[in-house]
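Okay, here's what each chain looks like letter by letter:
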Amino acid sequence: MGKITPEIKAIIEKHQYDRNLRKYSDQHYFNDNSFFRKVNSNKDVEYTKAGIFNRLAHYKKVYPLVRDDDVDMERAAAQFEIAVKKVIQCLDNPHTDFNYSVEELQGLIDSVFDCHDKVNELAIRKAMQD
């Protein structure tokens, strides 16, 4: 314990109930805690982050995009949102292994919003190609 500094506490209070951090997770994982249970360490969060950003890089090269690509991107974004929300909720939980500094935690949250922007760009690209 003792991981929560006043700066981290301010970030947690600001984003703990932020609906913008649940843009896709409410849509794809509502009342489904299966993925939430799997995230327990920094490694799990980084793996999820790498998964969404690797998919984004892949789909930038794919033409034409199909409906399944759009759903796949949203589900990957939802998993990243869930991972970041678990970090925010359980940072000081002794049953998890989250170790983030103030800058790293804020960077994770910013990455979620960056991810939302990139998924929206791909959705617009798909809409334009149809």
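Everything numeric in this text was worked out from a predicted model, so none of it was measured.

## Quick look at the side chain of K86
- Residue placement: K86 occurs in helix α5 (residues 67-90).
- No salt bridge is formed by the buried K86. Its closest oppositely charged neighbour is D44, at 7.5 Å.
- Setting aside chain neighbours within four positions, we find K86 in contact with F36, R37, V39, N40, L91, T96 and F98.

## Quick notes on the nonpolar core
- Ranked by internal contacts, the top residues of the largest apolar core, which has 34 residues, are V45, I52, L91, F98, Y100 and L105.
- Of all the elements in the fold, those that place two or more residues in this core are α1 (6-15), α4 (42-61), α5 and α6 (102-129).
- Ranked by residues supplied to this core, first place goes to α5 with 11 residues.
- The contacts of V45, once residues within four sequence positions are left out, are V39, F80, A83, V87, F98, Y100 and L108.

## Here's the deal with the pattern of salt bridges
- Per the stated rule, a full pass over the model turns up 4 salt bridges.
- For R22, the salt bridge goes to D26, with nearest N and O atoms at 3.3 Å.
- We classify R22 as partly exposed; its relative accessible area is 23%.
- We classify D26 as partly exposed; its relative accessible area is 29%.
- Two residues, K118 and D114, come together in a salt bridge whose shortest N-O distance is 3.8 Å. Taken together, the residues K118 and D114, both in helix α6 and 4 residues apart, mark about one turn of the helix.
- A residue is classified by how much of its surface remains accessible, and K118, at 25% relative accessible area, is partly exposed.

## Some details on the packing of aromatic side chains
- In this structure the tally under the stated criterion is 1 aromatic pair.
- An angle of 75° between the planes, with centres 6.3 Å apart, marks the rings of F53 and F80 as edge-to-face. Here F53 is found in helix α4, whereas its partner F80 is found in helix α5, with 27 residues between them in sequence.

## Remarks on the packing of α4 against α6
- Orientation of α4 relative to α6, taken along the N-to-C sense of each, is 25°, at an axis distance of 11 Å. When the axis of α4 is compared with that of α6, the two are roughly parallel. In this structure, the crossing between α4 and α6 has a hand that is left-handed. Residues V45, E46, K49, I52, F53, L56, Y59 and K60 of α4 form the contact with α6, whose own contacting residues are L108, S111, D114, C115, K118, V119, L122 and R125.
- Among the residues making up the contact of α4 with α6, the classes are represented as 9 nonpolar, 1 polar and 6 charged.

What counts, and where the lines are drawn
Residues numbered from 1 in each chain as written. Predicted model: local features only at pLDDT ≥ 70, side-chain atom pairs only at ≥ 80, totals over all residues. Heavy atoms only, no water. Helix = DSSP H or I, 4+ residues; strand = E, 2+ residues; numbered from the N terminus. Buried < 20%, exposed > 50% of the residue type's maximum accessible area, 1.4 Å probe, protein only. Lys, Arg positive; Asp, Glu negative; His and termini not counted. Salt bridge = Lys/Arg side-chain N within 4 Å of Asp/Glu carboxyl O. Contact = heavy atoms within 4.5 Å. Core = buried A, V, L, I, M, F, W, Y, C linked by side-chain atoms within 4.5 Å. Phe/Tyr/Trp six-rings, centres within 6.5 Å; stacked < 30°, edge-to-face > 60°. Axes fitted to C-alpha atoms, helices over the stretch in contact; angles between N-to-C directions. Parallel < 35°, antiparallel > 145°, perpendicular 65-115°, else oblique. Left-handed = near helix turned anticlockwise from the far one by under 90°. Nonpolar A, V, L, I, M, F, W, Y, C, P; charged D, E, K, R; others polar.

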